[in-house]
Amino acid sequence: MSTIESKDTNLPIYTAKDFTTDQDVRWCPGCGDYAALAAVRKALPGVNTRKENFVFVSGIGCAARFPYYVDTYGMHSIHGRALAVATGVKCANPELEVCVVSGDGDLLSIGGNHTIHTMRRNVDITIMLLNNKIYGLTKGQYSPTSEQGKISPTSPAGSIDYPINPIALAVASGCTFIARSIDVDMKGMDEIYKRGIDHKGTAFIEVYQDCNIFNHKAWFYASQKDTMPETTIKVEHGKPLIFGAERNKGIRFNNGQPEVVILGENGITEADLIIHDETNMFLANMYSQMAHPEFPEPMGVLHADPSKPTYNDLLHQQINEAKSQSTKIDLQTLITGNESWEVHEKA
Amino acid sequence: MTTQQPIEKPSAILDSVVIRFCGDSGDGMQLTGGQFTDTSAIFGNDFATFPDFPAEIRAPKGTTFGVSGFQLQFSSEDIFTPGDRVNAMVAMNPAGLKVNIDDVEPGGIIIVNEDEFTKGNLSKCGYPAGYNPLEDEVINAKYNLVKVPMSRLTKESLAESGMGAKDINRCRNMFALGIVYWLYERPIDQTVHYLKNKFAVKKKLPQIAEINIQALKAGYYFGETAEVFPSRYRVPPAKQQPGIYRQISGNEATVLGLVTAAQKASKSIVYASYPITPASGVIHGLSNLKRFGIKTIQSEDEIAAICTAIGASFAGDIGVTGTSGPGLALKGEAMGLALMLELPLVIVDVQRAGPATGLPTKTEQADLLQAMYGRHCESPLIIVAPRSPSDCFNMAIEAVRLSVKYMCPVIYLSDGYIANGAEPWKVPDVNDIPEIKITHPTMDDIGENGFRPYERDPQTLARRWAIPGTPGLEHRVGSLEKEDETGNVSYDPDNHDKMVRMRAEKVARVAESIPLLEVDGESSGDVLVLGWGGTYGSINTAVHQLRAKGYKVSSAHLQYLNPFPSNTEEVLRSFKKIIVPEINLGQLSLLIRAKFLIETTGINIVKGQPFKVQTLVERITEVIES
């Protein structure tokens, strides 16, 4: 750890190295998780808190090995339960920055219930979903985000499951920060991650992550240099939805529906395009439904509403109010109760 | 009302009385019984209560499965159970009578609301057409059947109140209570005070308070003037140790025990739970104690609840979760996690009758083996079990104490019977309760090799509890097997064998921190009756009755099930015959036989009901004489 103190906050100045443990990283070479880990290590020094206040919690799966590689407090819990554990950590000590990193099986299948309810309660936790659309650690079975028809050891004739839409789930659960990134976009990812941690409330960040062993190229349509500008759209607060290698395409509303348009064609100008507004949940809902190949898939901070109080704040607020309103907080009075009686010494 | 009215017939003095109120689940029988209990408590009787209600909140009116009952025994002697045979019963409808009449002793008093014995109601609860039990000669000969037109009398007494028929009808239970208060020479002041506070003060419904009080008085005066009872009865106050007393149920005592433990440990509790009968009373109670820093979280499911409690413990609070048997099953994997992490955690299991949904409002003791073995692989936990409603206070403190001392989850096995049942409790002086000492390591504790999260106390084998936010002690814990001391992930075969034994040894060493097993009666001899948990009252009463009859029989009761107290084997070997009554098919017997190779004779009755003392007396006698 660096010993230089920054002037204004007394906080040590950290670098990515301060957040790196001595454990060998054991992901497969070429795995997208490396990029996510690098982005997180890069983002943490920029967060306005001390290193010892970070807690990383994960469930089970390849992605869930994450805490072993980040030199903070951490818990590698059991399958699907990271968010329930993280909720307990945050409620016990709201000063802690609680981060959950896990995969699509962990957060959306076995742990789906906790994902819904953490978002619904707006617990101040940063969730990174490393979505590779496959079960990696158990050797390649289809996952809840796999496309229908996926051939896998448990679906040799093609999966008949319809996939879940993580962003739509976040919208439906009232998540107050919803973002998406991709493992090849290191810079975008670390900026989004830092914003997610800074957000007061549940931050949900979906990362398109390549499993180069069991589901290689699942995200190729969005990750390749030549296709990315056409198949994804980076949204920025207050700016029109423009995309394309030549920045000549945009999204506008047509009869209540989003529509891809070419700027300059049929008199269409930037003024016709949808302006991204992070606070607008209707737009977030629309983004959740924009899917390849009909639409470019939205990347960036799709929704951020810091106005909703967090669960942990409300919990502590109620406790503080109860403490301040009670004239007497006395254990003996409590256990004696209001309906006690006295038995006197017999004369 | 407290002054004695001149009465012609002398009161009969009784040592103790068992009374049961029964009726529809909407008839207010729990409230009525609770009021009689409060009044008897303040009067100075010892008592024990047994609320017995259906799982349905409002089952179809008038049906047998919708019958709700509340039984209490009040006494001038020390008592430990709500009693076997009912001396007096109030039945608000035919279904209540039908379900409960067999429990009333021959010659016992049965007060019925005869207005409810209509053709329709009689048929609803399955009496044959044309039959009315109130006209049955056998019933009339066997019991002291007192038929009171309670609905009509309540209506008439409140005719001038100007209140609607629905409100007036709801006062029938108070009319019935008034009769019983008269019959047992109880003052009505306590209930008058309660009604005023509940309706006039809290709910701002002074008129409702007024008509209830009027109905209560009307019932009392009815008892006095109607001359339907041969005598009044008096149960003098019990001889109790001087001190401050209160009434307490098991769930209330669990709440107070947890709060006390938190205060004594200078810690905050996070209680995460998913509502489940009969454990919900614990989260209800704790949710009202925010001023003591208690954080309650109603989780989305049972698994979330325990995992949230584990997260809270990791962060430095005391994590507690509460449930019943079905929920304990769901928490299995996470209990294993807490065991691997070696973090404090208390799991409250208020047992109910099962398996599956079973009989949710009825009691059972059949989660013992689940608590012992209901997890994958070698995963021993500490298990404690309170033996009575008030003992829940002590054992909840014990659960927290042992959990933080040994950095190990503790399962706390209460049951529906003691959770809902109430008894008088001599309130302890909180200053007499020892502090619970907890230390968290800091940077100063880092040794030459850096901070090692799994370094252990050589005596307890507990690892150190380093909490997030502590500079320099950043570390990772996890569900994978870990190397001892460093806590690093380890697949080494020898290390796994070592850690499996280490976790078992840690639990075994808890025996050094718990009291020895005490024997009631001779410390050796022919017969020992060994029980555990909520059956203490019944077993104790039965054994005392047997001794009074001249039988040589001792008893011992386990409040610590894993590990057993260190003298358990010695105690058992001091007797020729070990009788183990349990509300299951022999789970403690199985453990005793497996661990000590000592033969036991089980008394196993699994009806969703607490043991009847008489049944135990008979069955123990059979074993002794066999």
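Calculation notes
- Here the residue index of a chain counts from 1 through its sequence in written order.
- Here chains are named by letter from A upward and ligands by number from 1 upward, in the order in which they appear as written.
- Reporting of local features is limited, given that this is a predicted model, to residues whose pLDDT is at least 70; pairs of side-chain atoms are given and counted only at 80 or more, and all residues count toward the totals for whole chains, interfaces and linings.
- Numbered from the N terminus, helices here are DSSP runs of H or I no shorter than four residues, and strands are runs of E no shorter than two.
- Counting other C-beta atoms within 10 Å of a residue's C-beta gives its exposure: the residue is buried at 20 or more, exposed at 12 or fewer, and partly exposed in between, where C-beta atoms are placed from the backbone.
- Contact between residues is assigned whenever the C-beta positions, reconstructed from backbone atoms, fall within 7 Å.
- If you view a crossover with the strands going away from you and the path from the first strand over the helix to the second runs clockwise, you call it right-handed.
- Here, any two strands with at least 2 DSSP bridges between them count as paired.
- Domain extents, as shown, originate in an automatic or database domain assignment.
- Only Asp, Glu, Lys and Arg are considered charged in this grouping, and only Ala, Val, Leu, Ile, Met, Phe, Trp, Tyr, Cys and Pro are considered nonpolar; every other residue, Gly among them, is considered polar.
- Any set of buried Ala, Val, Leu, Ile, Met, Phe, Trp, Tyr and Cys residues joined through C-beta atoms within 7 Å is what this text calls a nonpolar core.
- Axes here refer to lines fitted to C-alpha atoms; in helices the fit is confined to the stretch in contact. Angles between the N-to-C directions go from 0 to 180 degrees.
- One less than the number of residues in a helix, times 1.5 Å, gives the span that helix is expected to have.
- Throughout, the term roughly parallel applies to angles under 35 degrees, roughly antiparallel to angles over 145, roughly perpendicular to angles from 65 to 115, and oblique to all others.
- Left-handed describes a crossing whose near helix is turned anticlockwise from the far helix through less than a right angle; right-handed describes the clockwise counterpart.

Observations regarding the overall build of chain A
Check the secondary structure of chain A and you find 11 helices and 14 strands. Based on the C-alpha atoms only, the size of chain A along its principal axes is roughly 105 × 55 × 45 Å. Split into buried and exposed, the 347 residues of chain A put 47% on the buried side. Considering only residue pairs separated by 6 or more positions, chain A has 65% of its internal contacts joining residues 24 or more positions apart.

Describing the overall build of chain B
A tally of regular secondary structure across chain B gives 22 helices and 23 strands. Dimensions of chain B along its principal axes, counting C-alpha atoms only, are 90 × 60 × 50 Å. Considering only contacts in chain B between residues 6 or more positions apart, those separated by 24 or more positions represent 76%.

Focus: the pairing of strand S22 (residues 575-582) of chain B
With respect to burial, S22 of chain B is a largely interior element, 6 of its 8 residues being buried. This β-α-β element, S22 of chain B to helix H21 (residues 587-596) of chain B to strand S23 (residues 601-604) of chain B, shows right-handed connectivity.

A few points about the sheet that holds strand S19 (residues 525-532) of chain B
All names here are of chain B. Strand order in the open sheet formed by 5 strands is S18-S20-S19-S22-S23, and the pairing between neighbours is mixed. With partners counted over all chains shown, the strands left at the sheet margins are strand S18 (519-520) and S23, one partner each. When S19 meets S22, the two strands line up parallel, connected through 4 bridges. Across the sheet, residue Val 527 finds its bridge partner in S22, namely Lys 577.

Describing the domain arrangement of chain B
Residues and elements named next belong to chain B. Partitioning chain B into structural domains gives domain 1 (12-234), domain 2 (247-432) and domain 3 (519-625). Look at where the C-alpha atoms of domain 1 and domain 2 centre, and you get two points 35 Å apart. Elements that contribute at least two residues to the side of domain 1 that touches domain 2 include exactly helix H1 (29-43) and strand S3 (46-52). No other element matches S3, which puts 6 residues into the side of domain 1 that touches domain 2. Of the residues contributing to the side of domain 1 that touches domain 2, the split by class is 9 nonpolar, 2 polar and 2 charged.

Here we look at the nonpolar core
All names here are of chain B. The biggest cluster of nonpolar side chains holds 208 residues, and the ones touching the most others in it are Ile 310 and Tyr 412. The element best represented in this core is helix H16 (residues 391-406), accounting for 10 residues. Shared between two domains, this core holds at least three residues of each, these being domain 2 (247-432) and domain 3 (519-625). Counting residues in each nonpolar core, the second largest holds 60 residues, with Ala 88, Ile 101, Ile 111 and Val 148 among its members.

What to know about the interface of chain B and chain A
The parts lose accessible area when they come together, and the size of an interface is often stated as this lost area. Counting residues at the interface gives 55 residues for chain B, matched by 50 residues for chain A. Counting residues per element, the ones that place at least two in the side of chain B that touches chain A are H1, strand S9 (243-249), helix H10 (250-264), strand S10 (269-273), strand S11 (295-298), helix H12 (302-314), helix H14 (332-341) and strand S17 (476-478) of chain B. The leading source of residues in the side of chain B that touches chain A is H12 of chain B, at 9 residues. Here 3 bridges tie strand S2 (residues 73-76) of chain A to S17 of chain B, and the two strands are oriented parallel to one another. Residue pairing in the sheet places His 76 of chain A in a bridge with Gly 478 of chain B of S17 of chain B.

Considering the pairing of strand S3 (residues 97-103) of chain A
Residue and element names in this part refer to chain A. The element S3 is extensively covered by neighbouring structure, given that 7 of its 7 residues are classed as buried. Taking every second residue as pointing to the same face, both faces of S3 are buried, with Glu 97, Cys 99, Val 101 and Gly 103 on one and Val 98, Val 100 and Ser 102 on the other. Bridging between strand S1 (residues 54-58) and S3 involves 4 bridges; their strand directions are parallel. Within S3, the residue paired with Phe 56 across the bridge is Cys 99. Of the pairings in the sheet, the one linking S3 to strand S4 (residues 125-131) comprises 6 bridges and is parallel in character.

Thoughts on the sheet that holds strand S16 (residues 422-426) of chain B
Read from one edge to the other, the open sheet built from 3 strands follows the order S14(A)-S9(B)-S16(B), with strand pairing classed as antiparallel. Looking at the sheet topology across the chains shown, the edges are occupied by strand S14 (341-343) of chain A together with S16 of chain B. When the angles between neighbouring strand axes are averaged without regard to direction, this sheet yields 40 degrees. The pairing of S14 of chain A with S9 of chain B spans 3 bridges and is classified as antiparallel. Considered in S9 of chain B, the bridge of Trp 341 of chain A is made with Tyr 245 of chain B. Together, S14 of chain A together with S9 and S16 of chain B form the strand contacts of H1 of chain B, whose direction differs from that of S9 of chain B by roughly 160 degrees.

Concerning helix H19 (residues 536-548) of chain B
All names here are of chain B. With 13 residues, H19 ought to run about 18 Å at 1.5 Å a step, and its terminal C-alpha atoms sit 18 Å apart, in line with that. Turning to H19, its buried residues are Tyr 536, Gly 537, Ser 538, Ile 539, Asn 540, Thr 541, Ala 542, Val 543 and Leu 546. Positive backbone phi, at 105 degrees, marks Gly 550, one or two positions downstream of H19.

Some points on the packing of H1 of chain B against helix H8 (residues 189-202) of chain B
All names here are of chain B. The contact between H1 and H8 brings their axes to 9 Å, and the two run at 130 degrees. As summarised for this structure, H1 and H8 are arranged oblique, according to the angle between their axes. Crossing of H1 over H8 shows right-handed handedness. Residues Gln 35, Asp 38, Thr 39 and Ile 42 of H1 form the contact with H8, whose own contacting residues are Gln 190, Thr 191 and Tyr 194.

A short note on the environment of Ile 178 of chain A
All names here are of chain A. When you line up the elements, Ile 178 lands in strand S7 (residues 177-182). Take Ile 178: there are 30 C-beta atoms within 10 Å of it, and that puts it in the buried class. Sequence separation of Ile 178 and Glu 206 is 28 residues, and the distance between their C-alpha atoms is 8.1 Å. Here Ile 178 is in contact with Ile 167, Ala 170, Val 171, Phe 204, Ala 284, Leu 302 and His 303, once residues within four sequence places are set aside.

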